[in-house]
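Now for the letters of each chain:
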Amino acid sequence: MNIVSIMVVSLILLSITLLVLWFLKRKDKKYKLAIIIIPFLFLIAFGTTFIPHKVVSIDPSNVSKITIFDGNTGYDTEITNKTDINHIVRNLNEVTFQKGKPSFLYMGYSFRTTIFDDKGKSIKKLTINSNDTIRYKGFFYTSIDNLLEYDYIEQLVRE
């Protein structure tokens, strides 16, 4: 964990502790119980987000295109070939990820990827950093079983 993550978690825990202590001084018991249980439910709910899971579960036949912005070169690539789309989406579907540290304040990336459906609507946005790491919704995720086809994507982008 980096220092920013530790500070944020510490601030949250301190706030929850102060709130619980304040409510414990109150006389009404139903509020005491609610204030003690609610923060723990939030902590449990947040903790479950760290259970390994599939980030992508998309039917490749519903994908019309994939756009990839190469953060190393600044070039944007649009992939419309069905064989390439199937290969990339199936690979993303096969990988199980473990949520890691927050990705805020980290600069640079390899492939910012957007997957579009048949209607041209964006259905998934993620950043592929390496063959085992992505950035998704503000966190780094690491592959725990299969690897990403990073070299395959790199070859498509470089063409």
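Structure shown above.
It should be emphasised that the depicted structure is a prediction, and the values quoted were computed from it without experimental measurement.

Let's shift gears to the side chain of Asn-91. Assignment of secondary structure puts Asn-91 in helix 3 (residues 82–94). Apart from the residues lying within four places of it in its own chain, the contact partners of Asn-91 are Leu-147, Leu-148 and Glu-149.

Another aspect to go through is unusual backbone geometry. Here the phi dihedral of Leu-105 falls at roughly 70°; this positive angle occurs in a residue that is not glycine. Locating Leu-105 in the fold gives a position in the loop between strand 4 (96–102) and strand 5 (111–117). We note that Lys-137 has phi near 50°; this positive angle belongs to a residue other than glycine. Inspection of the secondary structure puts Lys-137 in the loop between strand 7 (133–136) and strand 8 (139–143). On the basis of relative accessible area, Lys-137 is assigned to the exposed category, the value being 67%.

Moving on: the environment of Gly-120. One can find Gly-120 in the loop between strand 5 and strand 6 (122–128). When the C-alpha positions of Gly-120 and Lys-65 are compared, they lie 8.0 Å apart, and in sequence the two are 55 residues distant.

The next point concerns the pattern of salt bridges. Applying the stated criterion to the full structure yields three salt bridges. Among the salt bridges present, the one from Lys-65 reaches Glu-78, with a minimum N-O distance of 3.4 Å. Remark: Glu-78 occurs in strand 3 (residues 76–79) and Lys-65 occurs in strand 2 (residues 63–70); sequence separation between them is 13 residues. Note that Asp-70 and Arg-158 form a salt bridge whose closest N and O atoms lie 2.2 Å from each other. Residue Asp-70 is located in strand 2, and its partner Arg-158 is located in helix 4 (residues 150–158); the two are separated by 88 residues in the primary sequence. What emerges from the salt-bridge pattern is a single network uniting Asp-70, Glu-154 and Arg-158.

Pairing is antiparallel in the open sheet, where eight strands are placed in the order 1-4-8-7-6-5-2-3. Of all the strands in the sheet, just strand 1 (53–54) and strand 3 have a single pairing partner and so form its edges. When strand 4 meets strand 8, the two strands line up antiparallel, connected through four bridges. Looking at strand 8, one finds that Phe-97 is bridged to Ser-143. Of the strands in this sheet, strand 1, strand 2, strand 3, strand 4 and strand 5 touch helix 3, which is tilted by about 80° from strand 2.

With that settled, consider the pairing of strand 4. Bridge count between strand 1 and strand 4: two bridges; the pairing is antiparallel. Paired with His-53 across the two strands is Phe-97, which belongs to strand 4.

All right, on to the environment of Val-56 then. Checked against the element boundaries, Val-56 lands in the loop between strand 1 and strand 2. Residues Val-56 and Leu-126 lie 70 residues apart in sequence; the distance between their C-alpha atoms is 9.6 Å. Excluding residues within four positions of it along the chain, Val-56 makes contact with Leu-92, Asn-93, Lys-124 and Leu-126.

Reading the values: rules and limits
The written sequence of each chain sets the order in which its residues are numbered from 1. With the structure being a predicted model, the display of local features is reserved for residues of pLDDT at least 70 and the display and counting of side-chain atom pairs for 80 or more, all residues being used for whole-chain, interface and lining totals. Water and hydrogen atoms play no part in the side-chain values, which are based on all heavy atoms of the structure. Secondary structure follows DSSP: runs of H or I at least 4 residues long count as helices, runs of E at least 2 residues long count as strands, and numbering of each begins at the N terminus. Should any heavy atoms of two residues lie within 4.5 Å, those residues are considered in contact. Throughout, exposure labels follow a simple rule: accessible area from a 1.4 Å probe, protein chains only, divided by the maximum for the residue type, with under 20% read as buried, over 50% as exposed, and the rest as partly exposed. Salt bridges are defined as contacts in which a side-chain nitrogen from Lys or Arg sits within 4 Å of a carboxyl oxygen from Asp or Glu. DSSP-based pairing: two strands are paired if at least 2 bridges between them are found. To obtain an axis, a line is fitted to C-alpha atoms, over the contacting stretch when the element is a helix, and the angle between two such axes runs from 0 to 180 degrees between their N-to-C directions.

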